[in-house]
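# Topology and contacts: notes
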Amino acid sequence: MFDFMQLVANENMKTYRRIRTWIMLGILLVLAAGTTIVFYSITDEIPNMWMVTELEATFLSSLITIFVVIVAAESVASEFSTGTIKLLLIRPWSRSKILLSKYISLMLLAVFFTAVVFVFTVLMNMIVFGYSSELELAVGSADNMAPLPYMLMFYLYNFISLVVVATLAFMISSVFRSSGLAIGLSIFLTVGGGNILVAVLGMFQADLVDYILFTHLDITGHLSAGETEYTLGFSLGVLAVYYAIFMVLAWYVFKKRDVAA
Amino acid sequence: MREQIPASAAVAKEPVVRLLNVTKRIGGKTIIDKLTLDIPTGEVFGFLGPNGSGKTTTIRMMVGLMGMTDGEIKIRGYNIKTEYEKAIRQVGAIVENPEMYKYLTGYQNLLHYARMIPGITKQRIDEVVALVGLKERINDKVKTYSLGMRQRLGVAQAVMHKPSLLILDEPTNGLDPAGIRELRDYLRQLARTEGITVFVSSHLLSEMELMCDRVAIIQSGKLLDVRALNGAAETGLTGTVVHFEVDRPEEAVKLLEAEGVPVTLAGALLSMNMDREAAAGVNARLVGAGFKVYGFRSVAKSLEDQFLEVTGGEGIV
């Protein structure tokens, strides 16, 4: 087990020794700070700190997803495109474990980005707008929950979607060895393309829409007391099935593949 | 140096790699056709063939980057298919170019591979860095390295874990003459002092001739021949030319032809294709027949002659 963590350490080194990763984190923090500053300067009345935090969480989660998708897409594909895959695989480790080390390292990066953004935005908004024990939301309400648990759940639900989308990108990266395709397809499908697909399909096969991944990617609606079309359990179930398919495909192809490049 | 392997004579005699009926078919096309080959321990073994003959495919199968359609490969007795992790532990390799992580330093690249094999100390990393002469630049990013330096870093990662077998695919590609010479001397030194078997592929005849103890010649996925180089002392060397210097060459030719020995006259010398035992026999026969034999010597054919002979003079760069 200790030896396996060495593989994860390698993947981490390849991620954090690149300036790219730190630029991504910098962009997230600058945007968060920028949003708070804008709110502070344009509003007459001091806004509720949790409202600003939730707003930032909503768009920063999308951005974290995009950044993690970029790293996921490059993770396998770039080893092929630069040829380093050959030296990586000829070690006394099975291909499955090498792929797993990459996946774990990717998940650690997702946790790292998410945790930093969470702590940063909560602390910053608390300092700027003052602590509030009451939860006020821009849209909807969640009267039955305390602010901090709500925010943690909000981040958790976004994180679940992030994991599924990042795994999709990771799978495409492993199957097609093309980071461009993995980034393009994952982001297109998440940011709108998926909804178009759902809408078009809905015109012909309305009952199939229930089982499309993109119908269930945003599950944060279950947190506030609004009407939701599906139960949380059903949405999580559909996500789990897609997740399992992505994982099996990624591993199966990676294990079987002849490295000819 | 290699404490994990008993250095008994019996083990040393065992071939380090055995390929048995190795076959690779891709989409109905046979790339490698029933290749059977033993690579003896402690030699620099060349793998020679024109571009596209299947050298790289064979090497990729040996290190598990490609699957075999049929046959088996054993490295130090471990099956590459069923005991991959044990088999590959014995191997250090550069497959085609030594591609490294360019955004990492040379040292970080070595650390990366060191972490993948238990028991490689920081001390050992420093040792190989010194060995390949990269001490001054090891903390620079690899993107600033010349091709020769990358090649040396490639060698460092390949020998770091003290493998029994070092596989190098076209290692001289893109190196300047000084770099080639340096690499060649280094490989011979490794084979001699550390007992590492070196398996090196190339399409360059002249290189192989200077570097290798033995070469296997491959063409269109088929093994054509295995030949020992560097001296007639090696038994089983076929295709050695023996030159005789005698007092009456024309008469000697007649005598030998009458006895069924194929012989040609090259100037004043008799030229025959034979091993040294046969040459001694011819000498006795000539002396017995009253000829004055001033001398005879074997002339090893250049690899190029042998190669052209075996491949029928087909395209070689």
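Structure: see above.
The model shown is predicted, which means the values in this text are computed figures rather than measured ones.

Residue and element names in this part refer to chain A. Two elements in contact, helix α3 (residues 49-82) and helix α5 (residues 95-129), have axes separated by 10 Å at closest approach and are oriented at 160°. What the angle tells us is that α3 and α5 run roughly antiparallel. Of the two possible hands of crossing, α3 and α5 adopt the one that is right-handed. Classifying every residue of the contact of α3 with α5 by side-chain character gives 20 nonpolar, five polar and three charged.

Residues and elements named next belong to chain B. If you trace the four strands from one edge of the open sheet to the other, you get β12-β13-β11-β14, paired in antiparallel fashion. One side of each edge strand has no neighbouring strand; the edge strands of this open sheet are β12 (264-266) and β14 (293-299). Across the sheet, the axes of successive neighbouring strands diverge by a mean angle of 30°, strand direction being ignored. Sheet analysis places strand β11 (residues 241-246) next to strand β13 (residues 269-273), joined by five bridges and oriented antiparallel.

This part takes up the pattern of salt bridges. Pairing is possible between side chains that carry opposite charge, provided their charged atoms lie close to one another. All chains considered together, the criterion is met by 23 salt bridges over all chains. Glu74(A) is the salt-bridge partner of Arg20(A), the closest N and O atoms lying 3.0 Å from each other. Pair noted here: Arg20(A) is in helix α2 (residues 19-42) and Glu74(A) is in helix α3, with a separation of 54 residues, a long-range link. For Glu96(B), the salt bridge identified is with Arg60(B), shortest N-O distance 2.8 Å. Residue Glu96(B) is located in the loop between β6 (91-94) and α4 (106-115), and its partner Arg60(B) is located in helix α2 (residues 55-62); the two are separated by 36 residues in the primary sequence. By sharing partners, the salt bridges in this structure join Glu11(A), Lys14(A), Glu79(A) and Lys102(A) into a single network.

Rules used throughout
Residues numbered from 1 in each chain as written. Chains lettered and ligands numbered in written order. Predicted model: local features only at pLDDT ≥ 70, side-chain atom pairs only at ≥ 80, totals over all residues. Heavy atoms only, no water. Axes fitted to C-alpha atoms, helices over the stretch in contact; angles between N-to-C directions. Helix = DSSP H or I, 4+ residues; strand = E, 2+ residues; numbered from the N terminus. Parallel < 35°, antiparallel > 145°, perpendicular 65-115°, else oblique. Left-handed = near helix turned anticlockwise from the far one by under 90°. Nonpolar A, V, L, I, M, F, W, Y, C, P; charged D, E, K, R; others polar. Pairing = 2+ DSSP bridges. Salt bridge = Lys/Arg side-chain N within 4 Å of Asp/Glu carboxyl O.

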